[in-house]
Amino acid sequence: MTTSTAPHTAEAAHMAHPADATLARAWTVLEAVPDPEIPVVSIRELGILRDVRRAADGALEVVITPTYSGCPAMSQIAEDIGRALDAAELAPYRIATVLAPAWTTDWITADAREKLRAYGIAPPTGNCGSATGSTTAPQEKVLRFVPRALPAPACPRCGSAHTERLAQFGSTACKALYRCLDCREPFDYFKPY
């Protein structure tokens, strides 16, 4: 199964399928499904929701990609998608989980990054090389065995860049635990990958 590298929006889906009001409605319904671990952002804003399309048999096909292959929230996300589609009476549907191209923090929308910061989670810094919003095929990437040095994340509470990492893993495997050396508050940092 192939998908584009950029998450879709309801507007893009509606423009691509102007005659299919059901697809546009499905996008609108699914844009409201929150991430179960970070409820202030939706699965679309995080880039987990990759596509909503018609399958050959006419059923809706919802394509999702986990933030990492072992993400324990994927079954909950699939259940939440099913509940939202059932409540909107959009059956029949099926949910497909795809691992390629692999999810990247580049897919997190600008709005979601601000929501993360306001929620107390430092959004990822830098980018991983995929162009956000790009519809081109993913490019080959250099495999790095030594992590590249990234600037310390700014504290989401006071904005200070004077922070230190306390642990490689925070409240979930996709976050690291940091502490601000100015306001002394601990915070999660959404690791870029």
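About the thresholds
- Residues numbered from 1 in each chain as written.
- Predicted model: local features only at pLDDT ≥ 70, side-chain atom pairs only at ≥ 80, totals over all residues.
- Heavy atoms only, no water.
- Helix = DSSP H or I, 4+ residues; strand = E, 2+ residues; numbered from the N terminus.
- Contact = heavy atoms within 4.5 Å.
- Polar contact = N/O pair within 3.5 Å; in protein donor to acceptor, adjacent residues only side chain to side chain.
- Buried < 20%, exposed > 50% of the residue type's maximum accessible area, 1.4 Å probe, protein only.
- Pairing = 2+ DSSP bridges.
- Salt bridge = Lys/Arg side-chain N within 4 Å of Asp/Glu carboxyl O.
- Core = buried A, V, L, I, M, F, W, Y, C linked by side-chain atoms within 4.5 Å.
- Axes fitted to C-alpha atoms, helices over the stretch in contact; angles between N-to-C directions.
- Phe/Tyr/Trp six-rings, centres within 6.5 Å; stacked < 30°, edge-to-face > 60°.

Can you walk me through the environment of threonine 65 in this structure?
Relative to the assigned elements, threonine 65 resides in the loop between β2 (60–64) and α3 (74–87). Taking the C-alpha atoms as reference, threonine 65 lies 5.6 Å from threonine 97; in sequence the two are 32 residues apart. The contact partners of threonine 65, leaving out residues within four places of it in the chain, are Ile48, Arg50, Met74, Val98, Pro101, Trp103 and Trp107. Here the side chain of threonine 65 touches arginine 50 through a polar contact of 3.4 Å, side chain to side chain. At 3.2 Å, the side chain of threonine 65 and the backbone oxygen of valine 98 are in polar contact.

Looking at this structure, I do not really get the pairing of strand β1 (residues 49–54). What am I missing?
A regular strand places its side chains on the two faces of the sheet in alternate fashion. With 5 of its 6 residues buried, β1 lies for the most part within the structure. Here β1 runs beside β2; their pairing, made up of 5 bridges, is antiparallel. Each residue of the ladder has a partner; that of arginine 54, found in β2, is leucine 60. As consecutive antiparallel partners, β1 and β2 are separated by 5 residues, and within that stretch glycine 58 has a phi angle of approximately 90°, a positive value.

Which parts of the structure should I look at to understand the pattern of salt bridges?
A side chain of one charge can pair with a side chain of the opposite charge if their charged atoms are brought near each other. Applying the stated rule across the entire model yields 10 salt bridges. Two residues, lysine 115 and glutamate 45, come together in a salt bridge whose shortest N-O distance is 2.6 Å. Here glutamate 45 lies in the loop between α2 (21–30) and β1 and lysine 115 lies in helix α4 (residues 110–119), a separation of 70 residues in the sequence. Residue classification places glutamate 45 among the buried residues on the basis of a relative accessible area of 6%. Between arginine 94 and glutamate 61 there is a salt bridge; the shortest N-O distance is 3.8 Å. Of this pair, arginine 94 sits in strand β3 (residues 93–97) while glutamate 61 sits in strand β2, and the two are 33 residues apart along the sequence. Three or more residues joined by partner-sharing salt bridges are found here, namely Asp51, Arg53, Asp57, Glu61 and Arg94.

It is not clear to me how the nonpolar core should be interpreted in this structure. Could you clarify?
For soluble globular proteins, the rule of thumb is that nonpolar side chains tend to be buried together. Counting residues in each nonpolar core, the largest one holds 32 residues, and the members touching the most others are Leu30 and Phe190. Counting residues per element, the ones that place at least two in this core are α2, β1, β2, α3 and α4. Ranked by the residues each element gives to this core, the list is headed by α3, at 5 residues. The contact partners of phenylalanine 190, leaving out residues within four places of it in the chain, are Ile38, Leu46, Trp103, Thr105, Ile108, Leu116, Ile121, Ala122, Pro123, Pro124, Cys174 and Lys175. Core analysis: the second largest hydrophobic core is formed by 7 residues, Cys155, Ala176, Phe187 and Tyr189 among them.

Would you mind going over the sheet that holds β3 with me for this structure?
Strand pairing in a sheet is mediated by backbone hydrogen bonds. Such pairs are either parallel or antiparallel. Ordered by their spatial adjacency, 3 strands build an open sheet running β1-β2-β3, and the pairing between neighbours is mixed. Both edges of this open sheet fall to β1 and β3, since each of them pairs with a single strand only. Each adjacent strand pair in this sheet contributes to an overall mean axis angle of 20°, direction not counted. Where α2 meets the sheet, it contacts β1 and β2, and its direction lies at approximately 155° from that of β1.

Quick question: what am I supposed to make of the packing of aromatic side chains here?
To describe a pair of aromatic rings, you give the distance between the ring centres and the angle between the ring planes. According to the stated counting rule, one finds 3 aromatic pairs in the structure shown. Centroid distance tyrosine 178 to phenylalanine 187: 5.9 Å. Interplanar angle 25°. Geometry classified as stacked. Given a relative accessible area of 12%, tyrosine 178 falls into the buried group. Looking at phenylalanine 187, the relative accessible area reads 2%, which means it is buried. Aromatic side chains tyrosine 178 and tyrosine 189 sit 5.4 Å apart centroid to centroid with 80° between the ring planes, which places their arrangement in the edge-to-face category. Taken together, the residues tyrosine 178 in strand β6 (residues 175–180) and tyrosine 189 in strand β7 (residues 186–190) connect sequence positions 11 residues apart.

Taken by themselves, the reported measurements are silent on function.
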